[in-house]
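# Structural overview for review
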Amino acid sequence: FTELGFKSGLSYIGASIIGLIVGPVVFGWFGFVVNRWRNAKVVTVAEFCERRYGKSVRIVLGVVLAISGVLNMAIFPVIESRFLLRFINLPTYLQIAGFSIPVEWLIMTVLIGFALIIANHGGMVSVILTNYIQAVIIAFTVFVITYLVIADVGLYKLHQTIKSNFGVSGYNPFARGMFGPVFLGWVVLQQIFGFVAFAPTMQRLASMDSAKTARQTVFWGNLFSQGRCAMIMVW
């Protein structure tokens, strides 16, 4: 999002506004999909598909979700390790017992090791707790940095910089050379299908005590994530 802000000004905030309408309002406020999903009293997406289409579909879908989930999550330790390697300015390789070991592998091993220890000792409760602490830290940090950026630069200078570098397209996502209606239409579809087809999200909602709690989770969660994206673009 910082890269988007650097390359296109604040025009992509239009997509965040779309996200604010689709996520918190459609799914959170009105409970589209969320109410019926929670009231179905299923635990997983695969279980829901078994009710609709049969056991064979559940098995195939379960396998697909498992493989895609592993591939998806496998990306994160790699990216985090490379970030830490460059951010702390560590050497690329270490010489251990005559072997040249990539430091990236060592960092990745430590990160995965911590995750396994936390999950093993506390299960999903520890995951929920650490996620909550992470969200609080992120929210506090994003607000403080955004305030410091605006206080240091000033809104007028921010506006002038966007205007001189991008012109009207720095604010207008429909301007020539910017994102355009087709891309923003894709964002709407992604906001809808990226929500209802993402198994971890739906399973989290299925674990709520009621449809009302599920709607509130979607409302505040989307409000937080979309607002955070907009503030990061300001940086």
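Rules of the game
- Residues numbered from 1 in each chain as written.
- Predicted model: local features only at pLDDT ≥ 70, side-chain atom pairs only at ≥ 80, totals over all residues.
- Heavy atoms only, no water.
- Pairing = 2+ DSSP bridges.
- Helix = DSSP H or I, 4+ residues; strand = E, 2+ residues; numbered from the N terminus.
- 1 Å grid on protein atoms, 1.4 Å probe; cavity = no way out; pocket = protein on both sides within 12 Å on 5 of 7 lines; lining within 4 Å.
- Points joined across faces, edges and corners; volume = space filled by probe spheres on them.
- Nonpolar A, V, L, I, M, F, W, Y, C, P; charged D, E, K, R; others polar.
- Core = buried A, V, L, I, M, F, W, Y, C linked by side-chain atoms within 4.5 Å.
- Buried < 20%, exposed > 50% of the residue type's maximum accessible area, 1.4 Å probe, protein only.
- Contact = heavy atoms within 4.5 Å.
- Phe/Tyr/Trp six-rings, centres within 6.5 Å; stacked < 30°, edge-to-face > 60°.
- Expected span 1.5 Å × (residues − 1).

As judged from the four bridges shared by strand 1 (residues 93-96) and strand 2 (residues 99-102), these two strands associate in the antiparallel manner. Bridged to leucine 94 within strand 2 is isoleucine 101. Linking strand 1 back to strand 2 in an antiparallel pair, the connection comprises two residues, with alanine 97 at a positive phi of about 50°.

Moving on, we come to the layout of surface pockets. Volume-wise, the second largest pocket comes out at about 380 Å³. Taken together, 15 residues make up the lining of the second largest pocket; nearest its centre are Val33, Trp37, Phe48, Arg52 and Met202. No other element matches the four residues that helix 4 (residues 45-53) contributes to the lining of the second largest pocket. Looking at the lining of the second largest pocket residue by residue, the classes come out as 13 nonpolar, no polar and two charged.

The biggest cluster of nonpolar side chains holds 27 residues, and the ones touching the most others in it are Val34, Trp37, Phe195 and Leu205. Not counting chain neighbours up to four residues away, the residues in contact with tryptophan 37 comprise Val42, Thr44, Val45, Phe48, Met202, Leu205 and Ala206.

Counted by the stated rule, this structure contains 11 aromatic pairs. Both rings, one in tryptophan 29 and one in phenylalanine 219, keep their centres 6.1 Å apart while their planes meet at 50°; by these two values the pair is tilted. On the criterion of sequence distance, the pair formed by tryptophan 29 in helix 2 (residues 13-29) and phenylalanine 219 in helix 10 (residues 211-234) is long-range, its members being 190 residues apart. Where phenylalanine 83 meets phenylalanine 87, the ring centres are 5.2 Å apart and the plane angle is 20°; that geometry is what we call stacked. Taken together, the positions of phenylalanine 83 and phenylalanine 87, both in helix 5 (residues 55-87) and four residues apart, correspond to about one turn of that helix. An aromatic cluster is present here, built from Phe1, Tyr12, Phe179, Phe183 and Trp186 joined pairwise through their rings.

Take helix 5 next. The periodicity of an α-helix, 3.6 residues per turn, causes residues three or four places apart in sequence to face the same way. With 33 residues, helix 5 ought to run about 48 Å at 1.5 Å a step, and its terminal C-alpha atoms sit 48 Å apart, in line with that. Where helix 5 is concerned, the buried positions are Pro77, Ser81 and Leu85. Asparagine 89 occupies a position one or two residues after helix 5 and carries a positive phi of about 60°.

Interpretation in functional terms is not warranted from these geometric data alone.
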